[in-house]
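# Fold and geometry: a report
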Amino acid sequence: MSYPSRQSSRTPITMFCAHSYFFPLCCSMILFSNIAHSQEQSTNQNAVAEEFRPDQSKLPAAAPKDAIILLDEKTNHFLSMRGEPTDWKRDEAGLVATQTPNHTNHIVSHWHFQDADIHVEFVVSETAEGNSGIYIHGNYELQIFNSYGKKDVTEQDEGALYGFSKPLVNAAKPAGEWQVYDIRYRAPRRNEEQKIIKPGSVTAWLNGQLVQNNTLFEEPRSVYHPFRYGTTDYLKKIWKKQLATQVGPVFLQDHGSPTRFRNVWIRPLDEKAYLYND
């Protein structure tokens, strides 16, 4: 066994003393960096919320001039999961979800987009807990649920980004009353290998209250979304193209409850929206 010389034995002590001197300084710098990052993130969230602050005081709401109408009294740009006319029932008050035993009778928009503001008016039923949702790009669900009056809300309640973030507040109205979502959606970005290199984000207002504030997300977390559960050949083609372009549709969900919808539109935030044809 060899032993270090005296000179070499002093070197670690000198280094230790130097590190001991800078250790508190390093910790302070790291702490300051974390605080600064947290403050920056909070500032960014506040900026997003202030920038996107829709007026939800009057319903039904008038669509902006630059909106693409997906559903109103005259228009229905939704199709079945097979790309055919939907069998959801329509009356003077809107379009009503037609339930199926396996909960796969969702409808999918004919218009596809990348980033967009999304407006949806709806009424929940007391049947099946009012369960429905807005599947953005078929992957990220803004939950619709009969959550009125609940004190402790979860990722399964209305206002949640399902599987990612519970609502900031319980803004749900009672079953039978018209409600409204306004959502600012930015799709995650993928590279050529189809891996996410930049998270997507959602800011959402529900009935005049902020329920999601620049919430970030990456890969989908639920196995029950339309591209993974009860999917069809029509949707498989859309999913393949969406992975490559990050441009896709919005779905309205069948989850066993006769949820009613009206006044659904999008305002694209880029030039990538188009009418999809198989």
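Residues numbered from 1 in each chain as written. Predicted model: local features only at pLDDT ≥ 70, side-chain atom pairs only at ≥ 80, totals over all residues. Heavy atoms only, no water.

In this section: the overall build of the protein chain. Each helix and strand in the protein chain was counted, giving two helices and 17 strands. Per-residue burial for the protein chain yields a buried fraction of 45% across its 278 residues. At a minimum sequence separation of 6, the contacts of the protein chain that also span at least 24 residues come to 70%. Accessible area for the protein chain stands at about 15,300 Å²; split by element, carbon and sulfur atoms hold 53% of it. (Helix = DSSP H or I, 4+ residues; strand = E, 2+ residues; numbered from the N terminus. Buried < 20%, exposed > 50% of the residue type's maximum accessible area, 1.4 Å probe, protein only. Contact = heavy atoms within 4.5 Å. Areas by Shrake-Rupley, 256 points an atom, 1.4 Å probe, with all protein chains shown as cover.)

A few words on the sheet that holds strand β8 (residues 132-136). Reading across from one edge, β2-β5-β15-β8-β9 is the order of the five strands in this open sheet, with antiparallel pairing throughout. Single-partner strands in this sheet number two, and they are β2 (78-79) and β9 (140-144). Taken together, the five bridges between β8 and β9 define a ladder with antiparallel strand orientation. Following the sheet pairing, G133 is matched in β9 by Q143. (Pairing = 2+ DSSP bridges.)

Looking now at the nonpolar core. Counting residues in each nonpolar core, the largest one holds 37 residues, and the members touching the most others are I134, L142, Y181, I183 and Y185. Ranked by the residues each element gives to this core, the list is headed by strand β7 (residues 116-123), at four residues. Not counting residues up to four positions away in its chain, the partners in contact with L142 are G133, I134, I136, G159, A160, L161, Y181, I183, V202, A204 and Q212. Counting ten residues, the second-largest nonpolar core is a separate cluster that includes F227, L235, I238 and Y276. (Core = buried A, V, L, I, M, F, W, Y, C linked by side-chain atoms within 4.5 Å.)

Before going further, it helps to spend a moment on the side chain of H225. Summarising the element assignment, H225 is placed in the loop between β14 (209-217) and α2 (233-245). There is a polar contact of 2.5 Å between the side chain of H225 and the backbone oxygen of N139. Not counting chain neighbours up to four residues away, the residues in contact with H225 comprise Y135, G138, N139, Y140 and E141. (Polar contact = N/O pair within 3.5 Å; in protein donor to acceptor, adjacent residues only side chain to side chain.)

Quick look at a nonpolar patch on the surface now. On the surface, V223, Y224 and Y229 cluster together into a nonpolar patch covering about 310 Å² of accessible area. You can see V223 is positioned in the loop between β14 and α2. V223 gets classed as exposed once you look at its relative accessible area, which sits at 52%. (Patch = residues over 30% accessible without salt bridge, like charges linked within 9 Å, V, L, I, M, F, W, Y side chains within 5 Å. Salt bridge = Lys/Arg side-chain N within 4 Å of Asp/Glu carboxyl O.)

Interpretation of this model should avoid reading the predicted coordinates in detail wherever pLDDT is low. Per-residue pLDDT for the protein chain has a mean of 88; in total, 82% of the residues score no lower than 70. Below a pLDDT of 50 lies the segment residues 1-23, which in the model reaches zero contacts outside its immediate sequence neighbourhood of four places, other chains included. (pLDDT = per-residue confidence, 0-100.)

Within the structure shown, the criterion is met by twelve salt bridges. Salt-bridge contacts for D91 lead to R260; the nearest nitrogen and oxygen are separated by 2.7 Å. A residue pair is termed long-range when its members are at least 10 positions apart, and D91 in strand β3 (residues 89-91) and R260 in strand β16 (residues 260-268) qualify at 169 residues. Judged by its relative accessible area of 39%, D91 falls in the partly exposed class. Measuring nitrogen to oxygen at the nearest pair gives 3.0 Å for the salt bridge that ties R190 to E219. You can see R190 sitting in strand β11 (residues 189-190) and its partner E219 sitting in the loop between β14 and α2, a full 29 residues away along the chain. E219 sits in the partly exposed class, given a relative accessible area of 38%. Taken together, the shared-partner salt bridges connect E51, D66, D117, R184 and R267 into one network.

A few words now on the packing of aromatic side chains. Under the defined criterion, the tally for this structure stands at eleven aromatic pairs. An angle of 65 degrees between the planes, with centres 6.1 Å apart, marks the rings of F164 and F217 as edge-to-face. Of this pair, F164 sits in the loop between β9 and β10 (179-186) while F217 sits in strand β14, and the two are 53 residues apart along the sequence. Judged by relative accessible area, which is 14%, F164 ranks as buried. The class of F217 is buried, set by a relative accessible area of 2%. Considering the side-chain rings of F227 and W239, the 5.0 Å spacing of their centres and the 25 degrees angle between planes classify their relative orientation as stacked. One end of the pair, F227, is in the loop between β14 and α2; the other, W239, is in helix α2, and twelve residues separate them in sequence. Taken together, Y140, F164, Y185 and F217 form an aromatic cluster joined through their ring pairs. (Phe/Tyr/Trp six-rings, centres within 6.5 Å; stacked < 30°, edge-to-face > 60°.)

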